[in-house]
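Chain residues, written in single-letter form:
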Amino acid sequence: MNKNLEPVVKAIQDKFGATYEEFRDEVHLFVKPEQIVEALTLLRDEQEFELLSALTATDYWPQESPRFHVIYQFTSLAKNLSVQIRVPLNGSSPKVQTVTAVYASANWRERELLDMFGIEVEGHPDPRRILMPDDHVGHPLRKDYPLGYEEPQFTFNFDEIDLRKPYAKE
Amino acid sequence: MGVEQKLGNMGVVTTTLETVVNWSRTNAMWPMLFGLACCAIEMMSAQSASYDMSRFGMELMRASPRQSDLMIVAGRVSKKMGPVLRRLYDQMPEPKWVIAMGDCASCGGVFNNYAIYQGVDEVVPVDVFVAGCPPRPEALIHGVLTVYEKVKGEKFKDLAVK
Amino acid sequence: MSQIEEVSLEKFKHLVSERALTGETMLLNMGPQHPSTHGVLRLLLELDGEVVVNCIPDIGFLHTGIEKNMEAKTYQKAEVMTDRLDYMNTMGNNLAYVMAVEKLVDLDVPARAQGLRVILTELQRIASHLVWLGTSGLDLAAMSMFLYCFREREQILDIFELVSGQRMMTTYFRPGGVWRDVPVEFEKAVRDFIKIFPKRIDEYETLLTKNPLFIDRMVDIGYLSKETALSYGVTGPALRASGVDWDLRKARPYCGYEQYDFNVPTRTEGDTYARYLVRIDELRESLRIVEQALNKLPLGPVRSENRKFVPPPRSEIGVSMEALIHHFKLWTEGFPAPKASIYSAVESPRGELALMLEGDGGPKPLRVHLRTPSFDNLGVLSEIVKGHLVADLVAILASIDIVLGDIDR
C-alpha cells in the first residue's frame, strides 16, 4: 500500500471497523450502509478527499448477500491519493442513504443508481430516472435484466425477420 | 447572364412540369440541422470547407423542422429519442425525405441492446441508407445525390397518394 | 413505439421556484433538437423575462447501453464500444480502456507503443479542442471559426486514417500495445502538422481573443468557483480555469508523460473566457508534447510479446503451430482476467476519463463503469447559469464543452 494512504485507511478502520482489500496498489474499504454519510464526511473534512470521482454499483446476481456493492471512488488533489469505499447491500430491493449533502456531484450519480440498478436512495432531493424514459420498466444494469439482443438480418433470414419487423408508417 | 450565355437565344424550352418541379426540388434541398451522435460530426465535416456540401445547394441547414425537407438521421436513436424523432418528422412539411446516416441509424450497428432502435426505419420511413461507422463525408454526399436521383423520378400521382 | 409523454408541472415542483407555479415565470423547453445544445440535450428553463431562474437538464436521449453491452463482450471485443462513447476523443477512450485492461491483467507495453499512444492522444486532444472551438464559434455567430477549425481537424483525421484506416472510430490501441506499426509516411505527416499549426492557432486568436464582441459575450459570464467545481466533480479545462492545478498527465503520469516537458495551463478567473483561454493554451502545450514524443520515439516492437494476452502477428501464424493456437484461443475465447476490480483514469480533453473494470475470472468483464467527465461537468450547469440571460446560457454551455455521447453512455 502507498505510504501516504495508510493513515487514511487507519482512520476509517478505527472509526467504522472497516475491512479492506488491496489489488494493484488500489485500496477498497468496506463500510456498513448506515455509516456511509459519516465516513464520507470524515474523508472530505479530515482527509482532504475533495473529489468524488465516481459513484456506481456492481451487481453480483445470482448471489444474494451481498447482491450489490455501491462503489464510491475518491480523489485527493492535495495529497494525490485515491481510495475506494464499497458498501455491500443485500437483497433485490436495497436502500442506501444519500450523500448529496457531502458531495454535490452525487446528485446525478445517485439518480443513475436508482435508474440503472434500482437501488433506492433515501433522502435524495430529486429521485427521478435520469437516463431511461420515465415509463421504462426494469433496471438495465442489473444482471437479471436481459441485454435486449435482436437477431441481425442477413441474406439467409432476411425475409423471415422482415415480416415481423415493425416498420414505421408514413 | 446564366442560361442565356450558355444556350444563346433559344426562344422556347419545352419540358414537363414534373421535371421542372423535381429539378427545382433537388437544387434547393434544405436539410434539418439535427445531429444525434458520432455521425453528426461527419455531417459537420461534410458542411465544412474540405467537402463543402453547398456545391449541391445544401449550405442552408435549418434548425426548424417546419422549414426543412430532408432529415438526416445522423447517429443512433435511443428508445427515449424515438418519439421525439417521430414528432420532428411529423412536423416537416410534405414532400419530405429521410436519410439514415451510418450503421446505427440503418440497423443498430454495433449496439444490439435494450436502449437502441435496431434501425431508424422502425420510427420513420427511410429513403436512403448510408453505410459506414461513421460514413465518410463523401459517402454522405453520395447518399444525398442518391436522394436527388429518387426525387427526379417522382411522379405527381404517386405523391398525391401519400 | 411509445408516445412523448405529457408532463405536468407537479413532477418538477421541487425543482422550480414558487413563481413558476403561479405562472409568474415562464417554463421553456430548449432541446432536445436545438442547434446550440451540442447534441440531444434537453434543458427545461424557468425564465423571468430573459433571465434564467432555474435550469433543469434532462439527459438520456442518447443513452446507448454501452456499459451493459461491454459486459456481454470479451475484453478484446468490448473495445470498439469505447470509440463510440465520446466521439470527439476516440483515441483517448481507447487509451483509457486498454490501460484499464492492462492494469487488470498486468500487461507490459513496449516503449514505442507508449510513444505512439502519446502522439496520437495528443493529436486527438487538439482535434477535440478544434471541434469545440469551431462549434463555440458557431454558437456565438463566428461562422468562419468553424470553417478554419475543421480545415485543421481534417489534417489530423488524415493522420488517423493513415495509421488505422479509419477517420474517427480508430480502435488503434490494443491491450498490450497498438494494432500495428505506423507507416513510413506517418512522421512526415505529423511534422507537417507541427510546422503549420502554431501559425493557425495565432490565426484563431486574431479572430477571437481580442475581438471586442467575443469578449463582451465571454468575460464575467458563468463564473465557476473552485469550491463549487470540486464539489460537483468538475474536472479538466473547466476545473483548471477555476484555479485548480490538476492534470492527471502531470499528477499521475502514464504512458511516459513524465519524460516530456509541458505546462498545465491554469487561470483563476473561472469564467467562460478563462475556460476559452485555457483550451487555447492547451492546444499549444499538446503540440509541444507531440513534437517531443515524435523526436524521442524509439524503435522496436509495438506489441507485447506476452502471447497469453496479445495475438501473434499474421506472419507467424503460417509457420508456427503455437501461434495458430494462441490466435485461435484469443479470438474465440478471449483471455481470462482475475477476479478483482481496478480503477484507471486518464486525462481526456474534457477531464478525468476513467474506467472501473471488474473481472470475474472469465474472459468477459463482470462490470464496466465508465466515469465520463462530461456527466459531472454538465451537472454544474444548473448552478452556474442562474441569473444569466438565455443568450449567455449558450456561451456557458459551449465553454463547458460537453459531448452527449460521453454523458449518456
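Residues numbered from 1 in each chain as written. Chains lettered and ligands numbered in written order. Predicted model: local features only at pLDDT ≥ 70, side-chain atom pairs only at ≥ 80, totals over all residues. Heavy atoms only, no water.

1. Section: the sheet that holds strand E1 (residues 70-74) of chain B
Residue and element names in this part refer to chain B.
Argument step 1. Spatially, the three strands line up as an open sheet ordered E1-E2-E3, and their pairing is parallel. A strand with exactly one partner marks an edge of an open sheet, and here the two such strands are E1 and strand E3 (128-130). Adjacent strand axes in the sheet meet at a mean angle of 20° when their direction is disregarded.
Argument step 2. Looking at chain direction, strand E2 (residues 97-101) and E3 are connected through three bridges and run parallel. In the strand pairing of E3, Met 101 is matched with Val 130. (Pairing = 2+ DSSP bridges. Helix = DSSP H or I, 4+ residues; strand = E, 2+ residues; numbered from the N terminus. Axes fitted to C-alpha atoms, helices over the stretch in contact; angles between N-to-C directions.)

2. Topic: the interface of chain B and chain C
Argument step 1. The partner chain C presents 38 residues to the 40 residues of chain B that form the contact.
Argument step 2. Interface of chain B and chain C: buried area, both sides summed, is about 3400 Å²; carbon and sulfur atoms make up 64% of it.
Argument step 3. Interface area lost by chain B to chain C is led by B:Ile41, B:Arg76 and B:Lys80, which between them contribute 16%.
Argument step 4. Counting the contacts that link chain B with chain C gives three salt bridges.
Argument step 5. Residue B:Arg136 pairs with C:Glu161 through a salt bridge whose shortest N-O separation is 2.6 Å. (Contact = heavy atoms within 4.5 Å. Buried area = accessible area lost by both parts, 1.4 Å probe. Salt bridge = Lys/Arg side-chain N within 4 Å of Asp/Glu carboxyl O.)

3. Structural notes on the side chain of B:Ser68
Residue and element names in this part refer to chain B.
Argument step 1. Looking at the element boundaries, Ser 68 is found in the loop between helix H3 (38-47) and E1.
Argument step 2. A polar side-chain atom of Ser 68 sits 3.3 Å from the main-chain carbonyl oxygen of Ser 64.
Argument step 3. Aside from chain neighbours lying at most four places away, what touches Ser 68 is Trp 30, Pro 31, Met 32, Arg 62, Met 92 and Pro 93. (Polar contact = N/O pair within 3.5 Å; in protein donor to acceptor, adjacent residues only side chain to side chain.)

4. Side note on the pattern of salt bridges
Argument step 1. For the structure shown, the criterion picks out 55 salt bridges over all chains.
Argument step 2. The shortest N-O distance in the salt bridge between A:Arg67 and A:Asp59 comes to 2.9 Å. Comparing A:Arg67 with A:Asp59 shows no difference in burial state: the two are buried.
Argument step 3. The partner of B:Lys150 in a salt bridge is B:Asp127, with the nearest N and O atoms 2.6 Å apart. Remark: B:Asp127 occurs in the loop between helix H5 (102-107) and E3 and B:Lys150 occurs in helix H6 (residues 137-152); sequence separation between them is 23 residues.
Argument step 4. Since its relative accessible area comes to 24%, B:Asp127 is described here as partly exposed.
Argument step 5. Several salt bridges share partner residues, and in doing so they unite C:Glu122, C:Arg125, C:Arg240, C:Asp247, C:Arg249, C:Glu282 and C:Glu347 into one network. (Buried < 20%, exposed > 50% of the residue type's maximum accessible area, 1.4 Å probe, protein only.)

5. A word on a nonpolar patch on the surface
All names here are of chain C.
Argument step 1. Among the surface-exposed residues, Met 321, Leu 324 and Ile 325 lie close enough to one another that they form a single nonpolar patch of about 300 Å² accessible area.
Argument step 2. Of note, Met 321 is situated in helix H14 (residues 321-332).
Argument step 3. When its relative accessible area of 60% is taken as the criterion, Met 321 is described as exposed. (Patch = residues over 30% accessible without salt bridge, like charges linked within 9 Å, V, L, I, M, F, W, Y side chains within 5 Å. Areas by Shrake-Rupley, 256 points an atom, 1.4 Å probe, with all protein chains shown as cover.)

6. Description of the nonpolar core
Argument step 1. Judged by nonpolar contacts, the single largest core of 204 residues is most densely connected at A:Tyr72 and C:Tyr87.
Argument step 2. It is helix H5 (residues 111-139) of chain C that provides the largest number of residues to this core, a total of 12 residues.
Argument step 3. Residue contacts for C:Tyr87: discarding those within four places in its chain leaves B:Leu36, B:Ala37, B:Cys38, B:Ile41, C:Leu62, C:Met168, C:Met169, C:Val403, C:Leu404 and C:Gly405.
Argument step 4. Judged by nonpolar contacts, the second largest core, of 23 residues, contains B:Cys39, B:Met58, B:Leu140 and B:Val147. (Core = buried A, V, L, I, M, F, W, Y, C linked by side-chain atoms within 4.5 Å.)

7. Thoughts on the packing of H5(C) against helix H12 (residues 272-296) of chain C
Residue and element names in this part refer to chain C.
Argument step 1. H12 packs onto H5 with a crossing angle of 155° between their chain directions and a minimal axis gap of 9 Å. Relative to H12, the element H5 lies roughly antiparallel. Once H5 is placed against H12, the crossing between them reads as left-handed. Along its contact with H5, which presents Gly 115, Val 118, Ile 119, Glu 122, Leu 123, Arg 125, Ile 126, His 129, Trp 132 and Leu 133, the element H12 presents Tyr 276, Arg 279, Ile 280, Glu 282, Leu 283, Ser 286, Leu 287, Ile 289, Val 290, Ala 293 and Leu 294. (Parallel < 35°, antiparallel > 145°, perpendicular 65-115°, else oblique. Left-handed = near helix turned anticlockwise from the far one by under 90°.)

8. Some words on the interface of chain C and chain A
Argument step 1. The interface is formed by 51 residues belonging to chain C together with 47 residues belonging to chain A.
Argument step 2. Where chain C abuts chain A, roughly 4000 Å² becomes buried across the two surfaces, and 56% of that area is made up of carbon and sulfur atoms.
Argument step 3. If you sort the residues of chain C by the area they bury against chain A, C:Lys68, C:Tyr343 and C:Phe375 come out on top, with a joint share of 16%.
Argument step 4. With a shortest N-O distance of 4.0 Å, C:Asp106 and A:Arg24 are connected by a salt bridge.

9. A word on the confidence of the model for chain B
Argument step 1. In the predicted model, chain B carries a mean pLDDT of 84, and the fraction of residues at 70 or more is 91%.
Argument step 2. The lowest-confidence element of chain B is helix H1 (residues 3-7) of chain B, averaging 63 in pLDDT; the highest-confidence one is E3(B), averaging 92. (pLDDT = per-residue confidence, 0-100.)

10. Let's talk about the pairing of strand E3 (residues 51-58) of chain C
Regular strands have side chains that alternate between both faces of the sheet.
Residues and elements named next belong to chain C.
Argument step 1. Counted residue by residue, E3 has six buried out of eight residues, so it is predominantly covered.
Argument step 2. Sheet topology places strand E2 (residues 42-48) next to E3; seven bridges connect them, and they run antiparallel. Its bridge partner being in E3, Arg 42 is matched across the sheet by Asp 58.
Argument step 3. Once E2 ends, the chain turns through two residues before running back antiparallel as E3, passing Gly 49 with a positive phi of about 65°.

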